[in-house]
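A look at the structure
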Amino acid sequence: MTPQRAVLLLRISYRKPEDGEEETDETARRREFSKGIGRQEEDGRALAARLGWTVAKVIPEDDTSAFKRRRIKLPDGSTALRTVRPGFREALEGLADGTYDGMIADDLDRVARDPRDLEDLIDVVESSRPRIPVTSVTGSLRLDDDAGVTMARVMVAVANKSSRDTARRVTRKHEELAAEGKPPGGGYRGYGFTAAGHEPIEEEAEILREIAARILGDWDGWTPEQRAQVDPELGESLNSIAADLRRRNVPTVTGALWADRSVRSVISKPSVAGLREYRGEVVGKAVWPAIVPEDRWEEVRARLAGRHRSVDVRLQRWLTGVLRCSRCGLMLHGWQGNNGPRYWCAKPRGGCGKIAVKAAFAEDEVQRQVLELLGREDVLRQLRTVADTEVTDEVRAELAADEAQLKELAGAYARRQLTFPEYREARGIIEQRIKESRALLTSRAPRVLRRLLAAEDVAGGWSELTPPDRREVVLALVPGYDVLPHDRSMGNRFDPGRLVPFEA
Ligand SMILES: [Zn+2]
């Protein structure tokens, strides 16, 4: 049943000022309230549209002042502090009497921070067959089956009210700044920018552009002798750049001497490319300008990553992660054997040790197949689809939220607020989501494919790809290959039939 009269419940809570903090004045509090509500309503309506629900009513609830906790008398004669929530009660009653046929909220804990509120909601949801659909923007509110209900109870149990509220409010503040591309604030400054306002500092910006150019091999400040020593394909080494910066007495932020690590660190910051980072992930464009254009900066990062990896023979062998052992099902690894490089179901890595293939044979055959595929229009169309798949900010936000939730969950289990089965169930659900988000985020495929498909001659573009990039292309085409045992009757010849594409 798709709800046609859903209620959208919006709730904002107000953190009480801590000791020594000034009480926010009423106008500022109001402004904060409408901002938070505005975002929640936008998110809630977007979710409704996506699900095909129709929102009949929006109930904003401000539990920040007028509806703060009140001391009420309980049936046994004692008194207790209870949050009085007319908005939530109105939504519940509407769901119970059929005025509304579904509920959307921002997050489970906007709906019920108090376990008693949740139990009331569960009662209403379960009073109808099929259950009344309820959902939330963050995905935390699911009551459509017993597992969902258990999960919701666990999540509400997880709440350690005071500390959690404070933490979340700080987090949301940062999220808001991040979403608006504003600087994170705080006392320290990153190389290239002022601490206050995140304004570029021109002398440092110049050094950042220089570092990028030296890594990319197109700097025009080298002497002819220096230039002769730099392979434009590989760029200048970080050690060499650091040595030159030291020689020129170029200051760092901390006053420490330049080293390869600090050169890598200053140029790797997304802020340099005008991108806003949050919890280690780029969340979008920043309000400040790029010092190094984004595509150039991406190239720098890719080069540094490639350098880092090139020491690793397993990653130079681009079919690592593509070939699978037909006997035991583990992936084969690039391996430096006595008879040259090969892919092996490596015993030291827990493999059966029985399947191996000479690296050149397998690579030549897969390359032959890829080049053939790249000549086909339908294949190119498929690759273009993958190339257009952008990792959305939504995925990043989801990942951050899930990771935070996992931490909270572990804390709750440690404090014995959860039994082990409850903890395990909740953890399993969250971990699965995290795994999926991570897989999306770490995929290099879109970037690599865009570059490949932009090449005038796609086959020529392939020949210029780094080993890790080749792997991305192969994996965009096939899930991988099973490697069959070598038929000894064939002598030393390689039978291409040993590589069998497997089903995803
Ligand atoms: Zn094996």
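Residues numbered from 1 in each chain as written. Predicted model: local features only at pLDDT ≥ 70, side-chain atom pairs only at ≥ 80, totals over all residues. Heavy atoms only, no water.

**Remarks on the pattern of salt bridges**
Using the criterion set out here, one finds 19 salt bridges in the structure. Note that R214 is salt-bridged to D244, the shortest N-O span being 2.7 Å. Here R214, found in helix 7 (residues 202–216), pairs with D244, found in helix 9 (residues 238–247); they are 30 residues apart in sequence, far enough to count as distant. A relative accessible area of 0% means that R214 is categorised as buried. Between D244 and R248 there is a salt bridge, and its shortest N-O distance comes to 3.0 Å. (Salt bridge = Lys/Arg side-chain N within 4 Å of Asp/Glu carboxyl O. Helix = DSSP H or I, 4+ residues; strand = E, 2+ residues; numbered from the N terminus. Buried < 20%, exposed > 50% of the residue type's maximum accessible area, 1.4 Å probe, protein only.)

**A few points about the confidence of the model for the chain**
In regions of low pLDDT, the predicted coordinates are not meant to be interpreted in detail. Chain-level statistics for the chain give a pLDDT mean of 78 and a share of 75% at 70 or above. Low pLDDT (under 50) marks residues 158–170, which in the prediction has 21 contacts with non-local residues, meaning those over four places away or in another chain. Per-residue pLDDT stays below 50 along residues 309–315; that stretch engages in twelve contacts with residues further than four places along the chain or on separate chains. (pLDDT = per-residue confidence, 0-100. Contact = heavy atoms within 4.5 Å.)

**Notes on the coordination of the zinc ion**
Coordination of the zinc ion by the protein is provided by C325 (SG), C328 (SG), C345 (SG) and C352 (SG), with metal-donor distances spanning 2.2 to 2.3 Å. Seen from the zinc ion, its four donor atoms lie at angles of 95 to 118°, and the figure they make is tetrahedral. Within one chain, the residues serving as donors to the zinc ion are arranged as C-x2-C-x16-C-x6-C. Taken together, the residues span a long stretch of sequence, with C328 in the loop between strand 9 (323–325) and strand 10 (333–337) and C345 in the loop between strand 11 (340–344) and strand 12 (356–358) at a distance of 17 residues. For C328, a relative accessible area of 36% translates into the label partly exposed. (Donors = N, O, S within 2.8 Å, 3.2 Å for Na, K, Ca; no water. Tetrahedral: all angles 85-135°; square planar, octahedral: opposite > 155°, others 65-115°.)

**Observations concerning the packing of aromatic side chains**
Inspection of the entire model under this criterion finds nine aromatic pairs. Relative to F420, the ring of Y413 lies with its centre 5.7 Å away and its plane at 55°, an arrangement referred to as tilted. For Y413, a relative accessible area of 31% puts it in the partly exposed group. Geometrically, the ring pair formed by F420 and Y423 is tilted, given 6.2 Å between the ring centres and 55° between the ring planes. Of the two residues, F420 and Y423 both sit in helix 16 (residues 420–442), three residues apart, roughly one turn of that helix. (Phe/Tyr/Trp six-rings, centres within 6.5 Å; stacked < 30°, edge-to-face > 60°.)

**Quick look at helix 9**
For helix 9, every residue scored as buried is listed here: L238, I241, A242, D244 and L245. Each buried residue of helix 9 sits inside an arc of 160° when the element is viewed along its axis, so together they form one side. Those residues of helix 9 that are exposed and aimed more than 90 degrees away from the buried face are N239 and R247. In the segment just after helix 9, N249 is the residue with positive phi, at about 55°. (Arc of directions from axis to C-beta.)

**As for the sheet that holds strand 9**
A sheet is described by the order of its strands in space; here three strands give the open sequence 9-13-14, paired in mixed fashion. In the strand order of this sheet, the two ends are held by strand 9 and strand 14 (499–501), each with one partner. The sheet shows a mean angle of 40° between the axes of neighbouring strands, taken without regard to direction. As defined by bridge partners, strand 9 adjoins strand 13 (residues 481–483) across three bridges and the pair is classed as parallel. In the strand pairing of strand 13, L323 is matched with Y481. Lying over the sheet, helix 13 (residues 359–374) contacts strand 9, strand 13 and strand 14, oriented at roughly 40° with respect to strand 14. (Pairing = 2+ DSSP bridges. Axes fitted to C-alpha atoms, helices over the stretch in contact; angles between N-to-C directions.)

**Describing helix 19 (residues 467–477)**
Since the α-helix packs 3.6 residues into each turn, any two residues three or four apart lie on the same face. The buried fraction of helix 19 is high, at nine of eleven residues. Within the span of helix 19, buried status applies to P468, D469, R470, R471, E472, V473, V474, A476 and L477.

**Considerations on unusual backbone geometry**
A cis amide bond links R129 with the next residue in sequence, P130, at an omega value of -10°. Locating P130 in the fold gives a position in the loop between helix 4 (115–126) and strand 6 (134–136). Of note in this structure, N249 is not a glycine but carries a positive phi near 55°. Relative accessible area serves as the criterion here: at 66%, N249 is assigned to the exposed category.

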